[in-house]
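# Survey of secondary and tertiary structure
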Amino acid sequence: QAKRAGRGTYRYYTEALTQAAQVRLQLDTRLRRALARQEFELWYQPLYRLHDRRLIGLEALVRLHQPGLPPVGPAEFIPVLEDTGHIVALGEWVTNEACRQGRAWLDEGLDFGRIAVNISSVEMQRGGTVARVQRALDTHGLAAEYLELEITESGLMQQGDHSEAFLHSLRAMGVQLAIDDFGTGYSSLAHLKRFPVGKLKIDRGFIRDLMTDSADAQLVHAMVAMGRSLGISVLAEGVETEEQMRHLRDIGCEAAQGYFFGRPAPAATARQWLNPAGTEGAGPCSGGTGAT
Ligand code: C2E
Ligand code: MG
Ligand code: MG
Ligand code: MG
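Let me sum up the structure you'll find in this document. What you are looking at is a predicted structure, and each value in this text was computed from that prediction instead of being measured. (Residues numbered from 1 in each chain as written. Chains lettered and ligands numbered in written order. Predicted model: local features only at pLDDT ≥ 70, side-chain atom pairs only at ≥ 80, totals over all residues. Heavy atoms only, no water.)

## A few points about the pattern of salt bridges
Worth spelling out the cut-off: Salt bridge, as applied in this entry: a Lys or Arg side-chain nitrogen positioned within 4 Å of an Asp or Glu carboxyl oxygen. We count a stretch as a helix when DSSP gives it H or I for four or more residues in a row; a strand needs E for two or more, and each element gets its number in order from the N terminus. Type-normalised accessible area, obtained with a 1.4 Å probe on protein chains alone, sets the label of each residue: buried when under 20%, exposed when over 50%, and partly exposed for intermediate values.
In this structure the tally under the stated criterion is 17 salt bridges. With a shortest N-O distance of 2.9 Å, Lys201 and Glu59 are connected by a salt bridge. With a gap of 142 residues between them, Lys201 in strand β7 (residues 199–202) and Glu59 in strand β2 (residues 55–64) connect regions that are remote in the sequence. Glu59 shares its class with Lys201; the two are buried. The salt bridge partner of Glu148 is Arg114, with a shortest N-O separation of 3.7 Å. Within this pair, whereas Glu148 is found in strand β5 (residues 147–152), its partner Arg114 is found in strand β4 (residues 114–118), the two being separated by 34 residues in sequence. When its relative accessible area of 3% is taken as the criterion, Glu148 is described as buried. Under the relative-accessibility criterion, Arg114 is labelled partly exposed at 30%. In this structure, a network of salt bridges that share partners links the residues Glu59, Glu150 and Lys201.

## Structural notes on helix α5 (residues 129–140)
Given 3.6 residues per turn, any residue in an α-helix points the same way as the ones three and four places further on. Definition in use: A helix is expected to span 1.5 Å multiplied by its residue count minus one. What the arc measures is the spread of directions leading from the helix axis to the C-beta atoms. Residue contacts follow a heavy-atom distance rule, with two residues in contact if any of their heavy atoms lie within 4.5 Å.
Taking 1.5 Å of rise per residue, 12 residues should cover 16 Å, and α5 covers 17 Å from first to last C-alpha, within 8% of that figure. Those residues of α5 that fall on the buried side of the exposure criterion are Thr129, Arg132, Val133, Ala136, Leu137 and His140. Projected down its long axis, α5 carries its buried residues within an arc of 135°, all on one side. What points out from α5, more than 90 degrees from its buried face, is the exposed set Asp138 and Thr139. Among the structural elements, α3 (87–107), α4 (121–126), β5 and α7 (161–173) are those in contact with the buried residues of α5. One or two residues past the end of α5 sits Gly141, with phi positive at roughly 60°.

## Regarding the coordination of the magnesium ion (ligand 3)
Note the threshold: Coordination partners: N, O, S within 2.8 Å of the metal, 3.2 Å for Na, K and Ca; water not considered, so apparent gaps in a site are possible.
Donor atoms from the polypeptide that coordinate the magnesium ion (ligand 3) comprise Asp180 (OD), Asp181 (OD), Glu237 (OE) and Glu237 (OE), at 2.0 to 2.4 Å from the metal. The distance between the magnesium ion (ligand 3) and the magnesium ion (ligand 2) comes to 4.2 Å, with Asp180 serving as a donor to both metals. Highlighted residues: Asp181 in strand β6 (residues 176–182) and Glu237 in the loop between β8 (233–236) and α11 (242–250), separated in sequence by 56 residues. On the basis of relative accessibility, which here comes to 25%, the residue Asp181 falls in the partly exposed class.

## What about the coordination of the magnesium ion (ligand 2)?
Here the magnesium ion (ligand 2) is held by the protein donor atoms Glu59 (OE), Asn118 (OD1), Glu150 (OE) and Asp180 (OD), which lie 2.0 to 2.2 Å from it. Written as a sequence motif, the donor arrangement for the magnesium ion (ligand 2) is E-x58-N-x31-E-x29-D. Judged by its relative accessible area of 4%, Glu59 is buried.

## Section: the pairing of β4
Threshold: Only strands that DSSP links by at least two bridges are regarded as paired with each other.
The pairing of β2 with β4 spans four bridges and is parallel. Within β4, the position partnered with Ala60 by the bridge is Val117. Of the pairings in the sheet, the one linking β4 to β5 comprises four bridges and is parallel in character. By the bridge assignment for β5, Ile115 is matched with Leu147.

## A word on the site of ligand 1
Put simply, the rule reads: If even one non-hydrogen atom of a residue comes within 4 Å of a molecule or strand, that residue is called near it. Polar contact is defined as a pair of N or O atoms within 3.5 Å, subject to the rule that within protein one atom must be able to donate a hydrogen and the other to accept it, and that residues adjacent in sequence are counted only when both atoms are side-chain atoms. Shrake-Rupley sampling with a 1.4 Å probe provides the accessible areas, and residues are treated as covered by the protein chains on show and by no other component. All amino acids are sorted into three groups, where Ala, Val, Leu, Ile, Met, Phe, Trp, Tyr, Cys and Pro are nonpolar, Asp, Glu, Lys and Arg are charged, and the leftover types, Gly among them, are polar.
Around ligand 1 sit 21 residues, and of these Arg63, Asn118, Asp180, Glu240 and Tyr259 come closest. Measuring from a nitrogen atom of ligand 1, one finds a backbone N or O atom of Val62 at 3.2 Å. Within the side chain of Glu240, an N or O atom sits 2.5 Å from a nitrogen atom of ligand 1. Relative to its unbound accessible surface of 810 Å², ligand 1 loses 84% to contact with the protein. Secondary structure elements with two or more residues in the shell around ligand 1: β2, α2 (74–84) and β6. Examining the composition of the shell around ligand 1, we find that four residues originate from one element, β2, more than from any other. Looking at the shell around ligand 1, its residues break down into eight nonpolar, five polar and eight charged.

Put into structure tokens, the structure is as follows:
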């Protein structure tokens, strides 16, 4: 009896694993093809300063468009690219495309603040990122100040001392640095003081129940206070309601991003959010802007 059940369980797991491996392999094949054929696209989500609702930047978020195939998002395909090492090629494409787009908007006289690009910790670990970023800026004649690089807190913690040197070389180039998904990666005050970062992005997980969960509210309050005392700007991710926006503004959180302000959208849509350079216009921030 037990033996049979055991064998059945074993077979069940083997089949499940085989199936998972197959799905992954199929995705890997799709991703290789997408890299070769340039089937990735950059979408942009607006970042707003809360006290005056001014647009301060756009986060570049990669999308995969392969018509006829089931849609797959970065949360699913980035880990596969990290496993295979192809994340380096994708990161290079993303950085280059963001710099190209930023240059094109500047040439049109449009002000986007900064473009934020996500850098995977695997990319950082594999080396060469600093040179690739410099090359992308040079190729498109974009000043480093227009670029912000986001690295997750957990990624930075995994890389230990290496992270500190990496961040300092990027900072020396003049690019801005942000810690992404902050609050989930167990960094200490000592790390934060050593890292040359200008921004902390509070993870969406703390914002979701901000209005109903007092523990989350207290943690967010503490993160905002900590950022302030370290002179680091704090941005809340995943703001979906006006209530959350007001609360964050009232506790002194500097900036926010989320569906309330605008969903990620293609460059042509993002372009409509931009201010003419040299103006202090407030941007299109009335909530509900953007595509899906
Ligand atoms: P992230 O960097 O933390 O990006 C924010 C994610 O939250 C985006 O998901 C965005 O669409 C989503 N989001 C923004 N506002 C809201 C909101 O109000 N509610 C909800 N529910 N979600 C919101 P997305 O585009 O699916 O990207 C997921 C993750 O994939 C990113 O998280 C980032 O870690 C990674 N990623 C995306 N693009 C790139 C890239 O070009 N390179 C690398 N290395 N990673 C990327
Ligand atoms: Mg990010
Ligand atoms: Mg994040
Ligand atoms: Mg994330």
